[in-house]
Amino acid sequence: MEITDSGVKIRHLQILREVMRAGSERLAAQMLRITQPAVSQNIKQLEETVGFALFRRENNRLIPTVKAWEFLRTIDAAFAGLDRIGPSIDFLRNNDTRMIGIAAPSTFSFATLPKVVKRIRERSRSYAVQVKTGTYEQIADHVLNGRSDLGISRLPIDERILDWVPVGSATNVCLFPVNHRFAAQQLVTAEDLAGEAIIDIDPQFASHQMSVNALRYMGTAPDIAVEYDANGHDIGYVMAGIGVSITNEIIAREYADFGVAFRRFHPGAIYHYVVVWQKDRKLSDSLRFALEEIVAALTDRAA
């Protein structure tokens, strides 16, 4: 079976993946249950087809070239779609269940996604929803590689590979227990955080830059009580009164039923949230309905 007009065959790519994973033709042959000469012949044929070397030999070991590693990333992306063929066949055999895949940061499972799933199930109990979580980059990857149909993400995104609709904008806020002194303020500033224990997100996130770095700029050492690595992991620590957290309005609204409060935080940034799907994909009626419900649920939270 050919996958492109270049003559590259799926079997060639399968063997290349196993050789690179195993680190040797011998181990790859064992994994594939074929002979080592067959592996060598397939690699040779693939190199002749693509027109560049995939390996060099050092001390009887195969060392993948830089181009081979780049090629492997392309292959893995292609196989991500192929891996869905089996489950898709099983799905089509079963007329009783239709699966809608939604990818979103875990925070959105507190309020938005339960509301969306309830509306989908009210429309038809034959629908099921598969939720995948991750960072915004991982959300885009879930959608791009077909593991999810729709994703809740935020700009910027790569418009060459994803289509999107806006669902709301948000600025930074300070999240705290309802009885905290910040409840009497309309605005919380970096200066106000001096002396406060902070539930801080990983330094790669913008909200870290807004709070901890602002304190350091003022010459104040921040009191980091807990550091976490994904949106949604701060709420329990804030509820327990361990400290305050800097997030954004859309995330904070997911915590509405947790007995916490928030106020606008300065300095801050603006975040634009979107729902994404594969570029040029024609959405089915069920996916269009799910999309509309996600937009409505997030819009309601913003109102």
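Residues numbered from 1 in each chain as written. Predicted model: local features only at pLDDT ≥ 70, side-chain atom pairs only at ≥ 80, totals over all residues. Heavy atoms only, no water.

A.B. asks: Sorry if this is basic, but what is going on with the nonpolar core here?
C.D. replies: Counting residues in hydrophobic clusters, the biggest one holds 38 residues, and the most contacted among them are Phe108, Leu150, Tyr273 and Ile294. Counting residues per element, this core draws most heavily on helix 11 (residues 285–302), which supplies seven residues. Built from parts of two domains, this core gets at least three residues from each of domain 2 (92–167 + 273–300) and domain 3 (168–271). Once residues within four sequence positions are removed from consideration, isoleucine 294 is found in contact with Ile102, Val116, Leu150, Ile152 and Val275. (Core = buried A, V, L, I, M, F, W, Y, C linked by side-chain atoms within 4.5 Å. Buried < 20%, exposed > 50% of the residue type's maximum accessible area, 1.4 Å probe, protein only. Helix = DSSP H or I, 4+ residues; strand = E, 2+ residues; numbered from the N terminus. Domains from an automatic or database assignment. Contact = heavy atoms within 4.5 Å.)

A.B. asks: Explain the environment of proline 37 to me, please; I cannot follow it from the model alone.
C.D. replies: Relative to the helices and strands, proline 37 resides in helix 3 (residues 36–50). With relative accessibility at 59%, the residue proline 37 sits in the exposed group. Separated by twelve residues in the primary sequence, proline 37 and glutamate 25 place their C-alpha atoms 8.6 Å from one another.

A.B. asks: For this particular structure, what's the right way to read the environment of valine 66?
C.D. replies: Structurally, valine 66 can be placed in helix 4 (residues 66–82). Residue classification places valine 66 among the exposed positions, given a relative accessible area of 62%. In the structure, valine 66 is positioned eleven residues away from phenylalanine 55 in sequence and 9.0 Å away in space, judged by C-alpha atoms.

A.B. asks: Got a minute to help me understand the packing of helix 1 (residues 10–22) against helix 2 (residues 25–32) in this structure?
C.D. replies: Two measures define how a pair of helices packs: the angle their axes make with one another and the distance between the axes. Interaxial distance between helix 1 and helix 2 falls to 8 Å at its minimum, and their mutual angle equals 125 degrees. With respect to helix 2, the axis of helix 1 lies oblique. The element helix 1 and its partner helix 2 pack so that their crossing is right-handed. Along its contact with helix 1, which presents Arg11, Ile15, Glu18, Val19 and Ala22, the element helix 2 presents Glu25, Leu27, Ala28, Met31 and Leu32. (Axes fitted to C-alpha atoms, helices over the stretch in contact; angles between N-to-C directions. Parallel < 35°, antiparallel > 145°, perpendicular 65-115°, else oblique. Left-handed = near helix turned anticlockwise from the far one by under 90°.)

A.B. asks: Could you clarify how one ought to interpret the packing of helix 2 against helix 3 in this entry?
C.D. replies: Where helix 2 meets helix 3, the axes come as close as 8 Å, and the angle between the chain directions of the two elements is 110 degrees. It follows that helix 2 is roughly perpendicular to helix 3 by the angle criterion. On the side of helix 2, the interface is formed by Glu25, Arg26 and Ala29, while helix 3 contributes Gln36, Val39, Ser40 and Ile43. Of the residues that constitute the contact of helix 2 with helix 3, the class distribution is three nonpolar, two polar and two charged. (Nonpolar A, V, L, I, M, F, W, Y, C, P; charged D, E, K, R; others polar.)

A.B. asks: Even after reading the chapter, I still don't get unusual backbone geometry, so can you show me in this structure?
C.D. replies: Working note: non-glycine residues mostly have negative phi, and peptide bonds are mostly trans. The residue after leucine 155, namely proline 156, is reached through a cis peptide bond having omega 0 degrees. Locating proline 156 in the fold gives a position in the loop between strand 5 (150–154) and strand 6 (162–177). Cis rather than trans, the peptide bond between histidine 266 and proline 267 has omega equal to 5 degrees. Non-glycine residue arginine 33 carries a positive phi angle of around 60 degrees. If you trace the backbone, arginine 33 turns up in the loop between helix 2 and helix 3. Unlike most non-glycine residues, aspartate 280 shows phi in positive territory, near 65 degrees.

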